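The chain contents come next:
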Amino acid sequence: MPAPFAHLVVTGARGQVGRELLRLAPGARAYGRTDLDITDAAAVAAVLTPDTVVLNCAAYTAVDAAESDPDAAFAANATGPAVLAAACARARARLIHLSTDYVFGGTHDRPYDTGDATAPATVYGRSKLAGEQAILASGAAAHIVRTAWVYAGGTGDFVGTMRRLERERDTVDVVRDQLGSPTYAADLAAGLLELAARPGAPRLLHAANSGEATWFDLARAVFEEVGADPERVRPCTSAAFPRPAPRPPYSVLSTRSWTAAGLTPLRPWRSALHAAVHRKIHAT
Ligand SMILES: NC(=O)c1ccc[n+]([C@@H]2O[C@H](COP(=O)([O-])OP(=O)(O)OC[C@H]3O[C@@H](n4cnc5c(N)ncnc54)[C@H](OP(=O)(O)O)[C@@H]3O)[C@@H](O)[C@H]2O)c1
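The sections below set out a description of the structure shown in this document. Quick caveat: nothing in here was measured; it's all calculated off a predicted structure. (Residues numbered from 1 in each chain as written. Predicted model: local features only at pLDDT ≥ 70, side-chain atom pairs only at ≥ 80, totals over all residues. Heavy atoms only, no water.)

The element helix 8 (residues 215-225) is extensively covered by neighbouring structure, given that 8 of its 11 residues are classed as buried. Inspection of helix 8 places Trp-215, Phe-216, Leu-218, Ala-219, Ala-221, Val-222, Phe-223 and Glu-225 among the buried residues, and these make up the whole buried set. Where helix 8 is buried, its residues touch helix 6 (158-168), strand 7 (172-175), strand 11 (213-214), strand 12 (233-236) and helix 10 (269-283). After helix 8 finishes, the residue Gly-227 shows a positive phi value of roughly 80 degrees. (Buried < 20%, exposed > 50% of the residue type's maximum accessible area, 1.4 Å probe, protein only. Helix = DSSP H or I, 4+ residues; strand = E, 2+ residues; numbered from the N terminus. Contact = heavy atoms within 4.5 Å.)

Next comes the structure, spelled out in structure tokens:
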């Protein structure tokens, strides 16, 4: 359990990662979007003091909608982080900011490390990369933590959706041609709190549960966890589910940077999924 952070500020606190942070650090000051819009410089400045660590979970995360709404995506994902970073630099506060595997092109055949070239293929990815660049240029004491395929097991995320579909359908078709790093929001939140106590850590880090999986693997594992026959999950290709934003075929994140910084590695994705599903089962 992380140490209490009296001056921890969580922005975007009602999102899936924000909620997990507050569960682990209930003493943190929490700001949902209606309490604090991260693009509002005066409002942001008003919540900062020199010993504040801001954990920015605020973002425009609707990857498909972003394709037809780039202004909104860039406002939350590029202008917002720029405003936060400038305010942190002025107040001598620290910023921990979440970014994404979607800043990469998605064509590697080995895990993406922090030094690999970025080449976002979507509006969402470009807006998140612009946020990273604004933070790095700001001079703020900041860490950018790229993560991927985040779920908490709730109703709106992939794991929660698979649990619902298992109850509603005989079979479910799930794509098997995209490989990534499924990451449990609770594990990520614990890692972010560890990082909050480590001001000397590198500015750019990757944090994800270890290992790699396709969405098909993840769906089958959810079925296994709830005692259902995983054969009811059938493989298909991305062509079966055309979407406005193309999904990267390969976006596994290397967590070498995280481990090299002496931060606790996040457990293997399969163990994390077990914990997530059983926490939800026991909560319902
Ligand atoms: N989910 C993933 O699979 C994933 C993968 C890689 C990286 N990430 C990154 O991880 C971070 C957290 O993601 P998440 O899954 O927790 O996202 P989430 O559940 O969508 O939460 C984001 C929160 O930010 C709020 N928000 C949007 N614009 C805002 C603004 N201008 N000011 C203040 N709050 C604002 C949203 O409020 P409204 O709902 O009211 O708009 C929402 O509550 C994001 O930076 C995301 O890019 C996520």
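As a further point, take the packing of helix 6 against helix 8. Two numbers describe how helix 6 lies on helix 8: the axes approach to 9 Å, and their chain directions differ by 55 degrees. The angle between the axes of helix 6 and helix 8 places the two elements in the oblique class. In this structure, helix 6 meets helix 8 at a crossing whose hand is right-handed. Together, Phe-158, Val-159, Met-162, Arg-163 and Glu-166 of helix 6 and Trp-215, Leu-218, Ala-219, Val-222 and Phe-223 of helix 8 make up the contact between the two elements. (Axes fitted to C-alpha atoms, helices over the stretch in contact; angles between N-to-C directions. Parallel < 35°, antiparallel > 145°, perpendicular 65-115°, else oblique. Left-handed = near helix turned anticlockwise from the far one by under 90°.)

With that settled, the discussion passes to helix 10. Here helix 10 is 15 residues long and its end C-alpha atoms lie 21 Å apart, about the 21 Å a rise of 1.5 Å per residue gives. By the burial criterion, the buried members of helix 10 are Trp-269, Ala-272, Leu-273, Ala-276 and Val-277. Relative to the axis of helix 10, the buried residues are bounded by an arc of 130 degrees and lie together on one face. Those residues of helix 10 hidden inside the fold are in contact with strand 6 (150-151), helix 6, strand 9 (183-184), helix 7 (185-196), strand 11 and helix 8. (Expected span 1.5 Å × (residues − 1). Arc of directions from axis to C-beta.)

A few words now on the pattern of salt bridges. Counted according to the given criterion, the structure contains 15 salt bridges. For Asp-187, the salt bridge goes to Arg-267, with nearest N and O atoms at 2.8 Å. Of this pair, Asp-187 sits in helix 7 while Arg-267 is found in the loop between helix 9 (256-260) and helix 10, placing the two residues 80 residues apart along the sequence. Judged by its relative accessible area of 34%, Arg-267 is partly exposed. With a closest N to O distance of 2.6 Å, Arg-270 and Glu-225 form a salt bridge. Note that Arg-270 is positioned in helix 10 and Glu-225 in helix 8, a separation of 45 residues in sequence. (Salt bridge = Lys/Arg side-chain N within 4 Å of Asp/Glu carboxyl O.)

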